[in-house]
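# Coordinate analysis (summary)
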Amino acid sequence: MTRGIMTRAALLGGAALLGAAPAQADTLRDAIAAAYATNPTLAEAQARQEALEEAPEQARAEGRPSLSAVAGAGYDDLGRGSASSADLQAAMPIWTGGRVSSAVRASSADVAAGAQVVRDNEAAVLERVVAAYADLLFAQEAVEVARIGIERLDRQIGEAQSRFDLGEATRTDVAQLQAQRSSVVANLADAEAALASARAAYRAVVGEEPGALEDEVPPPGMLPADLADARAAAELANPRLLERLRIVDASRARIDRARADGAPSIELAGAYGRGVEDAGGSLRDYDSAASVGVTLRIPLLTGGLVASRVREAEATARADRYAVQAELRETMRSVETAWATLQAAKQRETASRDGLEAAQIALDGVRAEYEFGLRSTIDILLAEQSYRSAQLALARARSDVLMAQAALLRATGHLDRAAFLDGREGDGTVAG
């Protein structure tokens, strides 16, 4: 009976495995912070956005004054000898027919679209971080479950051997336990291989060597309360959808830019120059000259180029509007899929938790009855296997919930750095 009490205590210690947090464990927010600091994909996206943000300034420069210096020198054999000149030339657009303003609007819309691309890249990286964290968490728990199972079976094999020596058990009882132990050892080898792979995936996205992970992750605060809220949030904040909308803005501006090529333009231009001639070994200055004037350009005939560019821009704008509709459908699909996946994962977690409690009670009962000769070794082995399966099912379900939450947040446009820093349960209040 004492051996039975000790065994049940060990089983209770194994049951506490999934609920006990390791000391100084890495948390999901630690992983997110490390990814923000070291992930090259995020750094690349931000650098490309910074380059794109220069486009509006370049477009504005087309409407600002310009000044240039021009110098030249030459020689001829017709008696003039060598000569040189230097000029300062200035120009200032007065009227561009809308070329500059439409180019600025188009490039500004491109910058806004690029900002949404950065958000989507950020969400994609964070979803990978959450997936790597969840997979590693499950792999660590799977290894621990197998190790504890082997320790438990070692004790049971020792008990069975003692019973056999006393004539209270058969060789079959010992062999059955040893066979089960070999099976769990094989499971441990598979779990350790999966753990090594999960650690590599974690290092690739987070950029740091993982330690023991904290398995209690607070639910993100921006989870929608229901599917209707999820759809509404996605329409307002999904980065891919917003990117498409900004691309439409840019396309409309480019239609105006194409039309402006057929509009008149006015430019104020001025120049100041001076020349020097080498005649027979003596230098002779030309008179300095200055000029200022207004230039009016009116496109009269472009061979159909302007009209063709306008039609091209209009067709591109129509295509971009259709792309918005297609992206909206895809966004709603991803929202509904993520919502259904999260609900199923939550239900599996609840069922797995209940199953683990039932498996624990059943194992305790079978073990107690075995002490009184009411159960066989096969009964214990089946109860042990059911208990380990319940542990792994709960661990997998908890990881699935974590990944499903991240997928839903990404679909609704709220998977960002602060997503898992707020432990409040989602109440349907989502950012616009």
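Look up a bit, the structure's there.
The following refers to the structure shown. (Residues numbered from 1 in each chain as written. Predicted model: local features only at pLDDT ≥ 70, side-chain atom pairs only at ≥ 80, totals over all residues. Heavy atoms only, no water.)

### Quick word on helix α8 (residues 239–260)
- When the terminal C-alpha atoms of α8 are compared, their 32 Å separation across 22 residues agrees well with the 32 Å that a helix rising 1.5 Å per residue should span.
- Those residues of α8 that fall on the buried side of the exposure criterion are P239, L241, L242, E243, V248, A250, S251, A253, I255, A258 and A260.
- In this structure, the buried residues of α8 make contact with α5 (99–165), α7 (227–237), α9 (305–371) and α10 (377–412).
- Measuring from the side-chain oxygen of the N-cap residue of α8 to the backbone nitrogen of R240 gives 3.1 Å; that N-cap residue is N238. (Helix = DSSP H or I, 4+ residues; strand = E, 2+ residues; numbered from the N terminus. Expected span 1.5 Å × (residues − 1). Buried < 20%, exposed > 50% of the residue type's maximum accessible area, 1.4 Å probe, protein only. Contact = heavy atoms within 4.5 Å. Polar contact = N/O pair within 3.5 Å; in protein donor to acceptor, adjacent residues only side chain to side chain.)

### Side note on the side chain of R99
- Considering the arrangement of structural elements, one finds R99 in helix α5.
- Overall, R99 belongs to the buried group, its relative accessible area being 18%.
- For R99, the side chain forms a polar contact with the main-chain oxygen of D261, separated by 3.3 Å.
- Setting aside chain neighbours within four positions, we find R99 in contact with R257, A260, D261, G262, A263, P264, S265 and P299.

### As for the nonpolar core
- One finds L28, V129, Y133, L415 and F420 to be the most contacted residues of the largest nonpolar core, which totals 55 residues.
- Secondary structure elements with two or more residues in this core: α2 (28–38), α5, α6 (171–206), α7, α9 and α10.
- No other element matches α5, which puts 18 residues into this core.
- Beyond its immediate stretch of four places on either side in the chain, V129 contacts L28, A31, I32, A35, V205 and V206.
- Counting 10 residues, the second-largest nonpolar core is a separate cluster that includes L356, L363, A383 and A390. (Core = buried A, V, L, I, M, F, W, Y, C linked by side-chain atoms within 4.5 Å.)

### Re the pattern of salt bridges
- Inspection of the entire model under this criterion finds 32 salt bridges.
- Close ionic contact of R398 with E216 constitutes a salt bridge, the shortest N to O distance being 3.0 Å. Here E216 lies in the loop between α6 and α7 and R398 lies in helix α10, a separation of 182 residues in the sequence.
- In this structure E216 comes out as partly exposed when scored by relative accessible area, which is 45%.
- Through salt bridges with shared partners, a single network forms among D120, E127, R240, E327 and R410. (Salt bridge = Lys/Arg side-chain N within 4 Å of Asp/Glu carboxyl O.)

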